[in-house]
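Overview (structure and organization)
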Amino acid sequence: MIHHRLHPARSRLLFIVLSFMLLLLMTPSLALAQEGETAPINGVDIYYTVQGEGPPLILIHGGLGNSDYWENQIPVLAEEYTVIAMDSRGHGRSTFDDTPIGYDLMMSDVIGLMDYLEIEKADILGWSDGGIIGLDMAINYPDRVNKIIAYGANYDPSGVREDIEENETFNAYVEKAIEDYQALSPEPEKWDAFLENIGNMWATEPNFTPAQLRAITTPILILDGEFDEAIKTEHTREMARLIPTAELVLIPDTGHFAMWERPEEFNRIVLEYLDSPTASFTSKSNLPGFWGLYEDIFKNAKYIDLTHAFEPVQPVWPGFGNAKFKPAVAGQDIEDYVKKGEEYTYEDHGFVATAYEIPTDQYGTQLDPPAHWDEYGATISDLPATYAIRPLVVINIADKVAEDIGYHLQVEDILDWEAEYGRIPAGSVVMVRSDFYKLWDETERFGQAPFPGVSLDALKFLHLERNILFHGHEPLDTDTTPTLEGEYWLMHNQFAQAEGVANLDKVPEAGGLILIGFAKPLGGTGGYARYIAIAPSDWPYGVSVTEAPGAPLPKQPYPLKRDENGVMRPTKP
C-alpha cells in the first residue's frame, strides 16, 4: 500500500540554497563515541560498530560515505535496537581489492558480516546506495531480513537526475566525502581507484527489473525527501508502486540528506515503521478483523466488470439457440389481487418480474465445470466457496491476434509474461486478453472461426506447471481444433474454465484480484458467471466504492418498458 505525505510545492531554488548551507553545517564530524572493529569478509576488512540492545538493525550508508554519517540516528535507534553500523567495501575504514565494486558484492558483504556476527535475520536501514543494497537483499535474501527502509534509492540508472553533477548540494557532499576518506581510510592513496570503481557502478547499476520488484515479499518503506537532489521523485513513486509490500513516505522540505537536515522527523518515521506490525498490507484503521483492510485497501480500489450482460440477441453456440425474455405471469389465482396467467405490472400489482427461457447453461459470460464434458466431473454446485476471490493474471496476446485472428496462446507467451512480472501465483486465475470481446455485438461473426484461442500446450503448462485455479478467454470456445482438444483435456482432467469474458484491456496484467460469482443450480453443467477485477486505487479504469457506493442506487432517466425482445429498458414516454 502506498501513502503519500506531500506538502504543497515550494520554491526549489530556496530549498537548494538552504540545503547547501545545512549540509555544510550539519554533516557529522566523525565523532562516534564507540570505536569499531573489522571483520574479514569476502577477502577484505569490513569495519563496523555495535551499539544498543534489542533486535538487530543494520545501517548501510550511501555511496562515498561512511558509518559516521549515521551520527544523528545511532544514539536514538540504539535505545530500542542493537545497531550495527558498517562501512561498505572501500568506504570509510573498510578496505577493497581488485574486484570491481557492485551492489551484489556489497550485499554479499552485508550477509557475510551477519554470518560473522551470527545474526540470522535483521532489519535494514539503508540510505542511497545502502537503500539499493537493502532492495538487493529483499530480492536475493528475503529470509535474512525482517523489514527494510530504503531512503533515496533507485532501482535502475534511469532514476538518477540528469543534473546531479551540477547540483551544489551534492557537490558539497562529494567534497566532504573526499576529506573524510583521506582521514579514515587505511588506504587513502586509493581514492582515485575507489572513485573510478564507484563511478562505473553508478553508471551501470542497479538493474532490478519490474518483475523482481513485484516479486518482493519483504515489508519495505520507500522513504525519500520531497526535493531529492539525486533521485527523480517519479522514479521513487514508481518503485513504491511496483513493490507490492511497499509503503511510500516523502519527507517535506528536504532532499537526499534528511538524516542530517531533518534528523528528528527522519528518526521518528524510521522508528514508527520498524515498531509497526510486520504483516504486509497491515491496516492503519482501528477496526476489527478484515474491516480495517476493507477501509484501507478495498474501499478505494478500482472495480472493473469483466462480464457481458446476457440477453435474447447475443452470440451463442449455434447448437443451442438464443434465450427468450418475457413478463412473468401468475402461477395461480390470488383472491382480489391476480388471476392465474395474468401478467404482473407496476400499475395493477406494484411490481414486475421477468421469465427467462434460456436454452442452455452455456450462455453469455460463463464458468464451465468439468461436468460439462465428463460424466464423473464436478458440477457447478460442487465448486467450493474458495472460488470467490483469487489473484488475477492477464496475459495479453491482442497484438498477435490483430495480425492473426486465429492466434492461440502459446507457452512462450506465458514465459514472456513471467519475464516481465514474475512467476504466476499458484491458485490464480489466468485470463487471456485478445480484445476479441469487442466483436460481441457482431452476433453472427462472434461464434464463427477463426477466433483466438488457447493451445493445449499452454493449458497443460498453466495447470500442471503453475497450478492455476482456472483460465479464461473472450471467445465462447477454448480453441478451434476439430475436436476442441483443449476443452476436452481440461474437463477430463477436472479443471474449470471461463468463457465469454470482457474488458480485459481495462485491467492490470499483474497485481490485481478477481471476484468470481456464478449461479448455483444443483448439478449444473455450466454457470452464468459474473467476474469483477479489483485493481489498485491509482488504476485509470474502473470505479471505487467511494465513487459508486451502491446504496441508494441511481434512478432510471425514464420509466422501464419492455422492448421487442422482452428486455426492460428506460424508455421515453
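Everything below is about the structure printed above this text.
Residues numbered from 1 in each chain as written. Predicted model: local features only at pLDDT ≥ 70, side-chain atom pairs only at ≥ 80, totals over all residues. Heavy atoms only, no water.

Some points on a nonpolar patch on the surface
- Among the surface-exposed residues, Ile334, Tyr337 and Phe351 lie close enough to one another that they form a single nonpolar patch of about 250 Å² accessible area.
- For Ile334, a relative accessible area of 39% puts it in the partly exposed group. (Patch = residues over 30% accessible without salt bridge, like charges linked within 9 Å, V, L, I, M, F, W, Y side chains within 5 Å. Areas by Shrake-Rupley, 256 points an atom, 1.4 Å probe, with all protein chains shown as cover. Salt bridge = Lys/Arg side-chain N within 4 Å of Asp/Glu carboxyl O. Buried < 20%, exposed > 50% of the residue type's maximum accessible area, 1.4 Å probe, protein only.)

Topic: helix H8 (residues 233-242)
- When H8 is considered as a whole, its buried residues turn out to be Thr233, His235, Thr236, Met239, Ala240 and Leu242.
- At its buried positions, H8 is contacted by helix H4 (129-140), helix H7 (210-214), strand E7 (220-225) and strand E8 (246-251). (Helix = DSSP H or I, 4+ residues; strand = E, 2+ residues; numbered from the N terminus. Contact = heavy atoms within 4.5 Å.)

Topic: the pattern of salt bridges
- Within this structure, the stated rule accounts for 23 salt bridges.
- Asp68 is paired through a salt bridge with Arg93; the nearest N and O atoms lie 2.9 Å apart. Here the residue Asp68 occupies a position in the loop between strand E3 (56-60) and helix H2 (74-77), and Arg93 occupies one in the loop between strand E4 (82-86) and helix H3 (103-116), the gap between them amounting to 25 residues.
- One continuous salt-bridge network, built from bridges that share partners, spans Arg433, Asp435, Lys438, Asp505 and Lys506.

Points about the side chain of Asp224
- Note that Asp224 resides in strand E7.
- Among the polar contacts listed, one links the side chain of Asp224 to the side chain of Thr236, at a separation of 3.5 Å. (Polar contact = N/O pair within 3.5 Å; in protein donor to acceptor, adjacent residues only side chain to side chain.)

Some words on the sheet that holds strand E5 (residues 122-127)
- Sheet architecture is open: eight strands sit in the order E1-E2-E4-E3-E5-E6-E7-E8, paired in mixed fashion. Two strands bound the open sheet, and with one partner strand each, they are strand E1 (37-41) and E8. On average, each strand axis in the sheet is tilted by 25° relative to the strand beside it, whichever way the strands run.
- With five bridges connecting them, E1 and strand E2 (residues 44-51) associate as antiparallel partners. If you follow Ile41 over to E2, its bridge partner there is Val44.
- In the packing of helix H10 (residues 263-275) onto the sheet, the strands contacted are E3, E5, strand E6 (145-151), E7 and E8, and the crossing angle to E6 comes to about 155°. (Pairing = 2+ DSSP bridges. Axes fitted to C-alpha atoms, helices over the stretch in contact; angles between N-to-C directions.)

What about the pairing of E6?
- The element E6 is largely enclosed, with a buried count of six among its seven residues.
- Across five bridges, E5 lies against E6 in parallel orientation. Its bridge partner being in E6, Ala122 is matched across the sheet by Val145.
- Each parallel crossover has a hand, and for E5 linked through H4 to E6 it is right-handed.
- In this structure, E6 lies alongside E7, joined through four bridges in parallel fashion. Its bridge partner being in E7, Ile149 is matched across the sheet by Leu221. (Right-handed = clockwise from strand over helix to strand, strands pointing away.)

Some thoughts on the packing of aromatic side chains
- With the rule as written, the count across this model stands at 31 aromatic pairs.
- Judged by centre distance (5.8 Å) and plane angle (80°), the ring pair of Trp127 and Tyr173 falls under edge-to-face. Taken together, the residues span a long stretch of sequence, with Trp127 in strand E5 and Tyr173 in helix H5 (residues 168-184) at a distance of 46 residues.
- Residue class for Trp127 comes out buried when judged on its relative accessible area of 2%. (Phe/Tyr/Trp six-rings, centres within 6.5 Å; stacked < 30°, edge-to-face > 60°.)

A few points about the environment of Thr95
- Mapped onto the elements of the fold, Thr95 is located in the loop between E4 and H3.
- A relative accessible area of 13% means that Thr95 is categorised as buried.
- For the pair formed by Thr95 and Asp296, sequence separation is 201 residues and the distance between their alpha carbons is 47 Å.
- Leave out the neighbours within four places in its chain, and Thr95 touches Val44, Asp45, Arg89, Gly90, Pro186 and Glu187.
- A distance of 2.9 Å separates the side chain of Thr95 from the backbone nitrogen of Asp45, its partner in a polar contact.

Observations regarding the pairing of E3
- With respect to burial, E3 is a largely interior element, four of its five residues being buried.
- Pairing of E3 with E4, which is carried by five bridges, proceeds in the parallel orientation. By the bridge assignment for E4, Ile60 is matched with Met86.
- Pairing of E3 with E5, which is carried by four bridges, proceeds in the parallel orientation. Within E5, the residue paired with Ile58 across the bridge is Ile124.

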